[in-house]
Amino acid sequence: MTDNAPKAGPTPPADDPLAPLSLPSPLHRIHHPLLDARDVRLWCKRDDLIHPTLSGNKWRKLKYHLERARSQGKTHILSFGGAYSNHIHALAAAGFRLGLRTTGIIRGEAATVSNATLSAARGWGMDLVFVDRQSYRRRQDPDWLARFEDEDTLIVPEGGSSPLAIPGVAELVTELPFSPDLWVLPCASGGTLAGLIAGKRERERILAIAVLKGGGFLHDEVCRLHPAAATTQGWHIALDHHDGGYARFSQALWQWVQDFSAQTGLPLEPIYSGKAMWGLFRELDAGRIPRGSEVVFIHTGGMQGLAGLREQGRL
Ligand SMILES: *Cc1c(COP(=O)(O)O)cnc(C)c1O
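Residues numbered from 1 in each chain as written. Predicted model: local features only at pLDDT ≥ 70, side-chain atom pairs only at ≥ 80, totals over all residues. Heavy atoms only, no water.

1. A look at the packing of helix 7 (residues 165–174) against helix 8 (residues 191–199)
Closest axis-to-axis distance for the helix 7/helix 8 pair is 7 Å, and the angle between their directions is 55 degrees. Regarding the angle of helix 7 to helix 8, the classification is oblique. Handedness of the crossing formed by helix 7 with helix 8: right-handed. Two secondary-structure elements touch here, helix 7 through Ile166, Val169, Ala170, Leu172 and Val173 and helix 8 through Gly191, Thr192, Ala194, Gly195, Leu196, Ala198 and Gly199. Here the contact of helix 7 with helix 8 is composed, by residue class, of 8 nonpolar, 4 polar and no charged. (Axes fitted to C-alpha atoms, helices over the stretch in contact; angles between N-to-C directions. Helix = DSSP H or I, 4+ residues; strand = E, 2+ residues; numbered from the N terminus. Parallel < 35°, antiparallel > 145°, perpendicular 65-115°, else oblique. Left-handed = near helix turned anticlockwise from the far one by under 90°. Contact = heavy atoms within 4.5 Å. Nonpolar A, V, L, I, M, F, W, Y, C, P; charged D, E, K, R; others polar.)

This is the structure:
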């Protein structure tokens, strides 16, 4: 977020949680020789531009959780994530924005995980509680959770993926001025996909690119989050574009992402949006996207993660 080119005139600080939300998010046409060769038209739904800190799918998934907190008079939101979690980052900013206390249960040791994501979250007033992996696995166990909550607490599951995430994501579909043949998006916990299935029109298809290895569980998880998905046609999760697993990526993928960004002007990161775009172009290359298709790729945000990857020397 810090390497945005400075613009003329007064602009809010790049990471200001109080900046206004830009909704509906912009839709940008993407041009690329392979798209022309395959007679496919591609647009990007720029949810990464919704807000500098509350970006992407994390904002959409949080929206009705925040509503619920307000309607139930909860003043404290508790959630979970890894040390570079986009969800933790967005929740901390949302709490700051709305005057809600937030707690992030973070997988890892405080001494070993200090990074830009967590510093920002702390700066917005989030209480960070570091737990080891074994404890973290108990994050759905009410007995374990009891020590962190009181009657004013709303618990939001990891990644913000709960049935409450569904309507917020489904709204995205209504922002589009036309009905695409195909939606494409990255998929990790399945919450965003579940919301898109809930919102899509019957004729529209969805290709979700699993960004993690062993995504066989995702189909059932999507149906748990949104039971009507089980009887909804036209969605598919591609499991073979994970490139090594969650938050892993090859040098080849990162190079492809950088070249693609330079060519198209679309900023991407390698964990979600870049990996999903790479997956889409592999599908395109393999001839698996029908000619004549109008495709909308959802940029789910997460650009804050680049800072962490740079800090770790991975880019
Ligand atoms: C969390 C996240 C995803 C994955 O969304 P799920 O709802 O967990 O499948 C995709 N893109 C970005 C940028 C994310 O932060």
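2. Quick notes on a negative patch on the surface
Together, Glu149, Asp150, Glu151 and Asp152 make up a region of like negative charge exposed at the surface. Tracing the backbone shows Asp150 in the loop between helix 6 (142–145) and strand 6 (153–155). (Patch = residues over 30% accessible without salt bridge, like charges linked within 9 Å, V, L, I, M, F, W, Y side chains within 5 Å. Areas by Shrake-Rupley, 256 points an atom, 1.4 Å probe, with all protein chains shown as cover. Salt bridge = Lys/Arg side-chain N within 4 Å of Asp/Glu carboxyl O. Lys, Arg positive; Asp, Glu negative; His and termini not counted. Charge placed at Lys NZ, Arg CZ, Asp CG, Glu CD.)

3. Some details on the pairing of strand 3 (residues 76–81)
With respect to burial, strand 3 is a largely interior element, 6 of its 6 residues being buried. Going residue by residue along strand 3, you find His76, Leu78 and Phe80 tucked away on one face and Ile77, Ser79 and Gly81 tucked away on the opposite face as well. By the bridge criterion, 6 bridges tie strand 3 to strand 4 (residues 101–107) in an arrangement that is parallel. Paired with Ile77 across the bridge in strand 4 is Thr102. For the segment spanning strand 3, helix 3 (residues 86–98) and strand 4, crossover handedness is right-handed. The sheet contact formed by strand 3 and strand 6 spans 3 bridges and is parallel. Counterpart to Leu78 in the pairing with strand 6 is Ile155. (Buried < 20%, exposed > 50% of the residue type's maximum accessible area, 1.4 Å probe, protein only. Pairing = 2+ DSSP bridges. Right-handed = clockwise from strand over helix to strand, strands pointing away.)

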